[in-house]
Amino acid sequence: MGSLNLKSIRKAFGTHEVLKGIDLEVKDGEFVIFVGPSGCGKSTLLRVIAGLEDATSGSVQIDGKEVITTPPAKRGIAMVFQSYALYPHLTVKDNMGLGLKQMGAPRAEVDAKVGKASSMLSLDPYLARRPAELSGGQRQRVAIGRAIVREPKLFLFDEPLSNLDAALRVNTRLEIARLHRSLKATMIYVTHDQVEAMTLADKIVVLNAGQIEQVGSPMELYSKPANVFVAGFIGSPQMNFIEAGRLGDGQAKTIGIRPEHITLSREGGDWKGKVIHVEHLGADTILYLETEVTGLLTVRLFGEHRYDVDDVVYATPDRALMHRFGADDRVQR
Amino acid sequence: MSKARVSPLRSGFVHLVLAGYTVIALFPVLLTILNSFKDRNAIFRTPLAPPTASTFSLVGYETVLKQGDFVGYFQNSLIVTVVSIFFVLLFGAMAAFALSEYRFRGNTMMGLYLAIGIMIPIRLGTVAILQGMVAAGLVNTLTALILVYTAQGLPLAIFILSEFMRTVSDDLKNAGRIDGLSEYAIFFRLVLPLVRPAMATVAVFTMIPIWNDLWFPLILAPGEATKTVTLGSQVFIGQFVTNWNAVLSALSLAIFPVLVLYVIFSRQLIRGITAGAVK
């Protein structure tokens, strides 16, 4: 009841092309996340799907039906905005019920649906309040509630957590994951935070400069990045990129190795280097090395390790987990 | 962090300047009201003195209320002012919404064209306006005044309101679109409530010149039935003899309605309901 099909979507503002031909298929019930650096066109793409922006060319199909000329309210979608976008002069209840009321639903039905959504999000005590009287987290829950009430085919989230503080962000993330499981609805979610992307998504779409770089499950993107951009974007700290020539590899241009796939030793190993900075995070220890072979190298060790700046260490990569990228920056397999 | 301390000397000086300005601004008003309660001799002999038992007189007010239809004049002024403000706010807000919300060819040019009216006084077109009103058969009607004042107030209203409307969050309007609100509903139910403080500002700026105007009532609607207060007071000012008691009383009376309107609008200025709409 909620599939989405995008075919060669293009969008230009004047001569500046923001989306350069996006093709994407989203199956019913999938949780798809658009991720990418700011300015990559992910929010614009979401707005095109919502109907808030007209695509310059291309087709948008929801449930197999072309909706490019359908106004947003009739597309069967609901959207949650980064800034919440609650109606300031309406109570929580009216905020959530406005869409249904506008469609001409009878009062009893509106009340029932609002009641169901508000108990789902534990908003019952706040129904009579105005948005100004709520905290940030509560406002975002109201915005999500407003989306649920419409029972859309497609939920669209535009960076819904970026205005929340860290603790609240984790809670709301859980709430959205739970919601997806219980509603079994199709959700499309835009974020620049890769942790949100990795934890929530069934499928991640990595966008860069108006184009799709790779589509895949979180683990696929982590273990089999298609190109240098995806490899560098997914995973934190970032993957180490080493000039292939320095490692004596004539075919590839760049070699990538994730910081967590390198082991350290004081006695001996492949690359000798000096510690230039250490970050102790409790669960992890992140070391920055300057090695003779590779230059700057980030290493992530699990657990607490005692290393000091200027210590001499040997780093050994796990050769099986190295990624080789060719001259076109695409992976070589 | 606490605010930087202001030296008492500095703040004293600021207060002195402000108090001085207040005195200068209020002095003529006070003088008008004081003298309106005195008899004619006292007005000229001791213009600055407050009315005493011997100089107190209501003769000015009696003249004003007896001579001519002063209640009618008030009514005319009120109708013209209120209806003009209503149209200026309605059309001004609509034009401002269109200019700030929609991208269309010539948007900037249209904005500039509408703003030119701020710089060119409408009185330059008096002759043409009068000819137009004669041709339309609108001379000596309140409609003529309302039309002219609406045109006069629109440029500033559009200028101020479009700036304010640009600050209303796009997400909010888009949320309305997804909820199925029409563009009109978005304008009336989402945007207008949020720019209410700006509307009040525009209303005050529009109201005062209209209420005080003598020029257009004199030219377009000098008939007895359509006289406004400012025009009505002129009957007491003659070329050789001026009935100062009556003039001062009429002016004192004319201050109050405008004061009431100002109080109504300024309450709106203070009320801000945007808080909590968007972070």
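Residues numbered from 1 in each chain as written. Chains lettered and ligands numbered in written order. Predicted model: local features only at pLDDT ≥ 70, side-chain atom pairs only at ≥ 80, totals over all residues.

J.: Explain the overall build of chain B to me, using residue names and the numbers behind them.
T.: If you tally the helices and strands in chain B, you get 13 helices and zero strands. Mapped in sequence order, the helices and strands of chain B form the string α-α-α-α-α-α-α-α-α-α-α-α-α. In chain B, which comprises 279 residues, the proportion classed as buried is 33%. Looking at chain B alone, contacts between residues at least 24 apart form 76% of all its contacts between residues at least 6 apart. (Helix = DSSP H or I, 4+ residues; strand = E, 2+ residues; numbered from the N terminus. Buried ≥ 20, exposed ≤ 12 C-beta atoms within 10 Å, placed from the backbone. Contact = placed C-beta atoms within 7 Å.)

J.: Quick rundown of the domain arrangement of chain B? Include the residues and the values.
T.: Residues and elements named next belong to chain B. Domain parsing of chain B yields domain 1 (8-57) and domain 2 (62-270). Inter-centroid distance (C-alpha atoms) of domain 1 to domain 2 is 31 Å. If you look at the interface, domain 1 gives seven residues, while domain 2 gives seven residues. Elements with a minimum of two residues in the side of domain 1 that touches domain 2: α1 (8-36) and α2 (40-45). Ranked by residues supplied to the side of domain 1 that touches domain 2, first place goes to α1 with five residues. Along the lines of polarity and charge, the residues of the side of domain 1 that touches domain 2 split into three nonpolar, three polar and one charged. (Domains from an automatic or database assignment. Nonpolar A, V, L, I, M, F, W, Y, C, P; charged D, E, K, R; others polar.)

J.: Quick rundown of the domain arrangement of chain A? Include the residues and the values.
T.: Domain parsing of chain A yields domain 1 (4-230) and domain 2 (240-325). Here the C-alpha centre of domain 2 of chain A lies 39 Å away from the C-alpha centre of domain 1 of chain A.

J.: How would you summarise the pairing of strand β12 (residues 254-257) of chain A if you had to cite specific residues and measurements?
T.: All names here are of chain A. Of the two faces of β12, the one lined by Thr254 and Gly256 and the one lined by Ile255 and Ile257 are each fully buried. Pairing analysis gives four bridges linking strand β11 (residues 240-243) to β12, with the strands arranged antiparallel. Looking across to β12, one finds that Asn240 is bridged to Ile257. Two strands pair when backbone bridges link them, and β12 and strand β18 (residues 323-325) are joined in this way by three bridges, in the antiparallel orientation. Looking across to β18, one finds that Thr254 is bridged to Phe325. (Pairing = 2+ DSSP bridges.)

J.: Could you give an account of the environment of Val275 of chain A, with specific residues and numbers?
T.: Residue and element names in this part refer to chain A. Counting through the fold element by element, Val275 comes out in strand β14 (residues 271-280). C-alpha of Val275 to C-alpha of Leu296: the two residues are 21 residues apart in sequence and 9.8 Å apart in space. Apart from the residues lying within four places of it in its own chain, the contact partners of Val275 are Leu287, Leu289, Tyr307, Asp308, Val309, Asp310, Asp311 and Val313.

J.: Quick rundown of helix α8 (residues 170-178) of chain B? Include the residues and the values.
T.: The buried fraction of α8 of chain B is high, at seven of nine residues. Taken together, the buried positions of α8 of chain B are Asp171, Leu172, Lys173, Asn174, Ala175, Gly176 and Ile178 of chain B. On its buried face, α8 of chain B is in contact with α1 (42-50) and β6 (77-80) of chain A together with α9 (183-194) of chain B.

J.: Residues and numbers for the packing of helix α5 (residues 107-119) of chain B against helix α7 (residues 142-166) of chain B, please.
T.: All names here are of chain B. Axis separation between α5 and α7 bottoms out at 7 Å; the angle between their running directions is 125°. Relative to α7, α5 is oriented oblique. Remark: the crossing between α5 and α7 carries left-handed chirality. Contact residues: α5 offers Gly111, Leu114, Ala115, Gly117 and Ile118, while α7 offers Leu154, Pro155, Leu156, Ile158, Phe159 and Ser162. (Axes fitted to C-alpha atoms, helices over the stretch in contact; angles between N-to-C directions. Parallel < 35°, antiparallel > 145°, perpendicular 65-115°, else oblique. Left-handed = near helix turned anticlockwise from the far one by under 90°.)

J.: For the packing of helix α4 (residues 70-101) of chain B against α7 of chain B, give the residues involved together with the corresponding values.
T.: Residue and element names in this part refer to chain B. Contact pair α4 / α7: the axes reach a minimum separation of 6 Å and the direction vectors enclose 40°. Crossing geometry of α4 relative to α7 is assigned as right-handed. Looking at the contact of α4 with α7, its residues break down into 21 nonpolar, seven polar and one charged.

J.: Describe the interface of chain B and chain A, naming the residues involved and giving the relevant values.
T.: One frequently used descriptor of interface size is the decrease in accessible area upon assembly of the parts. Residue-level contacts link 20 residues of chain B with 24 residues of chain A. Secondary structure elements with two or more residues in the side of chain B that touches chain A: α8 and α9 of chain B. It is α8 of chain B that contributes the most residues to the side of chain B that touches chain A, six residues altogether. In the side of chain B that touches chain A, the residues fall into 11 nonpolar, five polar and four charged.

J.: I'd love a proper account of the confidence of the model for chain B, names of residues and values included.
T.: Residues and elements named next belong to chain B. Per-residue confidence for chain B gives a mean pLDDT of 86, with 94% of residues at or over 70. Helix α6 (residues 126-136) holds the highest mean pLDDT among the elements of chain B, 94, whereas helix α13 (residues 244-270) holds the lowest, 81. Note that pLDDT drops below 50 for residues 272-279; the model gives that stretch 26 contacts with residues more than four away or on any other chain. (pLDDT = per-residue confidence, 0-100.)

J.: Got a sec to walk through the sheet that holds strand β17 (residues 312-317) of chain A? Specific residues and values, please.
T.: All names here are of chain A. Pairing is antiparallel across the open sheet formed by five strands, whose spatial order is β13-β17-β14-β15-β16. Whereas interior strands pair on both sides, the edge strands pair on one side only; in this sheet they are β13 (262-265) and β16 (295-302). The sheet shows a mean angle of 45° between the axes of neighbouring strands, direction not considered. Looking at chain direction, strand β15 (residues 284-291) and β16 are connected through eight bridges and run antiparallel. Bridge pairing in β16 places Leu289 opposite Leu297.

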